[in-house]
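Chain residues, written in single-letter form:
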Amino acid sequence: KRKGSIESPTIPSSIFALPLASALVFYCISKHATLSPRIPSKISFRERMSSKGGKVAAEPFTYGKNQKAVRLIVQDGKGKQSVAEIAYYGAHIMTFKDVESSGKETPFMWMSSKAVLDGTKAIRGGVPVIFPQFNAFGPMKSHGFARISVWSLVGITSDLPGLSITATFRLTPNELSKEMWGADKDFVYDYKVTLKANAVTSAGGSARSVLEIESTITNTGKVDFGFTCALHTYFPVSDITQATVSAVEPYAVKGLKYIDQLAEGKDRADKVVSQESPEIVFDREVDRIYLNIPKLLQVTDKKTGLRIIQETNFSDAIVWNPWIDKAKRMSQKDYGEMEYKEMVCVEVAEVGTKGNKVELKPSEVCKRTVSITSAL
């Protein structure tokens, strides 16, 4: 079992709630500054720019049936924008895309046309946050309560010279978590989403848009607890039969062990096999938990040339596409029957072959990160 790194949790005493104004609000803040939690409900913000003409923005908005969300925007000096949209429900990243000055959009995340957006069901697409149980690997409802809980937005920070903006969401015990996990589990889950433009990455040099996610789970109680978790990310492809998942050189997926969730067997450990090819391809249903993954994975759309790269310190990753038959069954709920052709999930995770992958004693912290970039 994997221990979380032991750190002293930093929990601010105040909470900043964005005013639900309809106008676009631009935040141009000194480097690494945090917005004041005492900003009055009626305030006029000025649009400000860096010396090179770039700017950062946060825009509160609603979607579906009055569901709250925030839109993060980073714009470079040429008018090109990077955009991310995060719902309070599930701290769910719904959108990550580039928008050219002409209005042309390039999405880096996929959302189902049938996604339920009224707060009654987990959102199909984007990045569902899975905690404290992946799938049915435990006694509670599949995938746990984090993705179906309303989180709090506790802060917006920005770095204007660096053209980045960060939204931090927080989940603490609620009625749902107590019902599903027990009232004795006290935790703070901080989920930090940072949007950057023109950033330098170790995955591929420079990138127009970078989305960084920092997941920090702190045991603030008096009893130990264990969990499995995942960021269930959906990526877009133009044709699943021409898409692959692989590692970025010098890493490789060939030889990795994975749990084939479609294989027969009661226990995860009974379904472990080896990856035999340098790429994961899709010509049937795929549902695999790759173990001890390399830190750089990529989705390649061979039809368009688009590559989406994930750099992470999570130890596992789930690769999933429902294919034809399962898509038909899912189409009765929140998934289009033919949508399997246009998406693939590559979900960084802590799952392992048995039990709970992460165990935290009181005051211990589990911090994991993933950075998502694009390359043509």
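Note that the structure is a prediction, hence the values are computed from the model and not measured.

Digging into the overall build of the protein chain
On a plain count of helices and strands, the protein chain comes out with two helices and 26 strands. The proportion of buried residues among the 376 residues of the protein chain is 56%. Of the contacts formed within the protein chain by residues at least 6 apart in sequence, a portion of 67% connects residues at least 24 apart. Roughly 16700 Å² of accessible area belongs to the protein chain as shown, and the carbon and sulfur atoms make up 48% of that amount.

Here we look at the packing of aromatic side chains
If you walk through the whole model with that rule in mind, you get 21 aromatic pairs. With a centroid separation of 5.5 Å and 80° between ring planes, the pair formed by F131 and W181 is classed as edge-to-face. Of this pair, F131 sits in the loop between β9 (129–130) and β10 (152–159) while W181 sits in helix α1 (residues 175–181), and the two are 50 residues apart along the sequence. You can call W181 buried: its relative accessible area is 12%. Put simply, the rings of F131, F145, W151, W181, F187, Y189, Y191, F225 and F227 pair up and form one aromatic cluster. Just above the ring of F61 sits the side chain of R71; from NZ or CZ to the centre is 4.1 Å. Stacked on the ring of F137, the Lys or Arg R268 has its end atom at 4.3 Å from the ring centre.

Describing the nonpolar core
If you look at the biggest cluster of nonpolar residues, it comprises 91 residues, and the most contacted ones within it are F131, F169 and Y191. Counting ten residues, the second-largest nonpolar core is a separate cluster that includes Y89, M94, I123 and I148.

Concerning the layout of surface pockets
Estimated volume of the largest pocket: approximately 700 Å³. What lines the largest pocket is a set of 27 residues, among which R124, S142, H143, R147 and H232 lie closest to the centre. Elements with a contribution of two residues or more to the lining of the largest pocket: β23 (316–321) and α2 (323–330). Considering every element that reaches the lining of the largest pocket, the biggest residue donor is α2, with three residues. A class-by-class count of the residues in the lining of the largest pocket yields ten nonpolar, seven polar and ten charged.

Focus: the pairing of strand β17 (residues 243–247)
When you tally the buried positions in β17, you get five out of five residues, the bulk of the element. Alternating residues of β17 divide into A243, V245 and A247 and T244 and S246, and every residue in both groups is buried. Judged from the five bridges that link them, β17 and strand β21 (residues 296–301) form a sheet pairing that is antiparallel. Each residue of the ladder has a partner; that of T244, found in β21, is T300.

Let's talk about the pattern of salt bridges
For the structure shown, the criterion picks out 15 salt bridges. The salt bridge partner of D190 is R170, with a shortest N-O separation of 2.6 Å. Of this pair, D190 sits in strand β12 (residues 187–201) while R170 sits in strand β11 (residues 164–171), and the two are 20 residues apart along the sequence. The class for D190 is buried, based on a relative accessible area of 14%. Through salt bridges with shared partners, one network takes in D316, E350, K357 and R368.

Some thoughts on the side chain of R147
You can see R147 is positioned in the loop between β9 and β10. In this view, R147 contacts Y89, G90, A122, V129, I130 and S142; residues no more than four positions away in its chain are not counted.

Thoughts on the environment of K303
With respect to the secondary-structure elements, K303 resides in the loop between β21 and β22 (307–312). Overall, the relative accessible area of 53% leaves K303 in the exposed class. Taking the C-alpha atoms as reference points, K303 and I240, 63 residues apart in sequence, are found 9.7 Å from one another. Those residues in contact with K303 that lie beyond four places of it in its chain are S238, D239 and Q242.

Concerning unusual backbone geometry
Across the junction of F131 and P132, the peptide omega takes the value 5°, indicating a cis bond. Within the secondary structure layout, P132 lies in the loop between β9 and β10. In this structure, P250 follows E249 across a cis peptide bond, with omega equal to 15°. Along the chain, the position of P250 falls in the loop between β17 and β18 (257–260). In the Ramachandran plot, H143 falls in the positive-phi region, its phi being about 75° despite a non-glycine side chain. When you line up the elements, H143 lands in the loop between β9 and β10. The exposure class of H143 is buried, given its relative accessible area of 10%.

Topic: the pairing of strand β26 (residues 365–375)
Of all eleven residues in β26, nine are buried, a share of seventy percent or more. Alignment of β22 against β26, held across six bridges, turns out to be antiparallel. Bridged to I308 within β26 is S374.

The rules behind each value
- Residues numbered from 1 in each chain as written.
- Predicted model: local features only at pLDDT ≥ 70, side-chain atom pairs only at ≥ 80, totals over all residues.
- Heavy atoms only, no water.
- Helix = DSSP H or I, 4+ residues; strand = E, 2+ residues; numbered from the N terminus.
- Buried < 20%, exposed > 50% of the residue type's maximum accessible area, 1.4 Å probe, protein only.
- Contact = heavy atoms within 4.5 Å.
- Areas by Shrake-Rupley, 256 points an atom, 1.4 Å probe, with all protein chains shown as cover.
- Phe/Tyr/Trp six-rings, centres within 6.5 Å; stacked < 30°, edge-to-face > 60°.
- Lys NZ or Arg CZ within 6 Å of the ring centre and 35° of its normal.
- Core = buried A, V, L, I, M, F, W, Y, C linked by side-chain atoms within 4.5 Å.
- 1 Å grid on protein atoms, 1.4 Å probe; cavity = no way out; pocket = protein on both sides within 12 Å on 5 of 7 lines; lining within 4 Å.
- Points joined across faces, edges and corners; volume = space filled by probe spheres on them.
- Nonpolar A, V, L, I, M, F, W, Y, C, P; charged D, E, K, R; others polar.
- Pairing = 2+ DSSP bridges.
- Salt bridge = Lys/Arg side-chain N within 4 Å of Asp/Glu carboxyl O.

Scope: geometric values only; no functional claims are made or implied.
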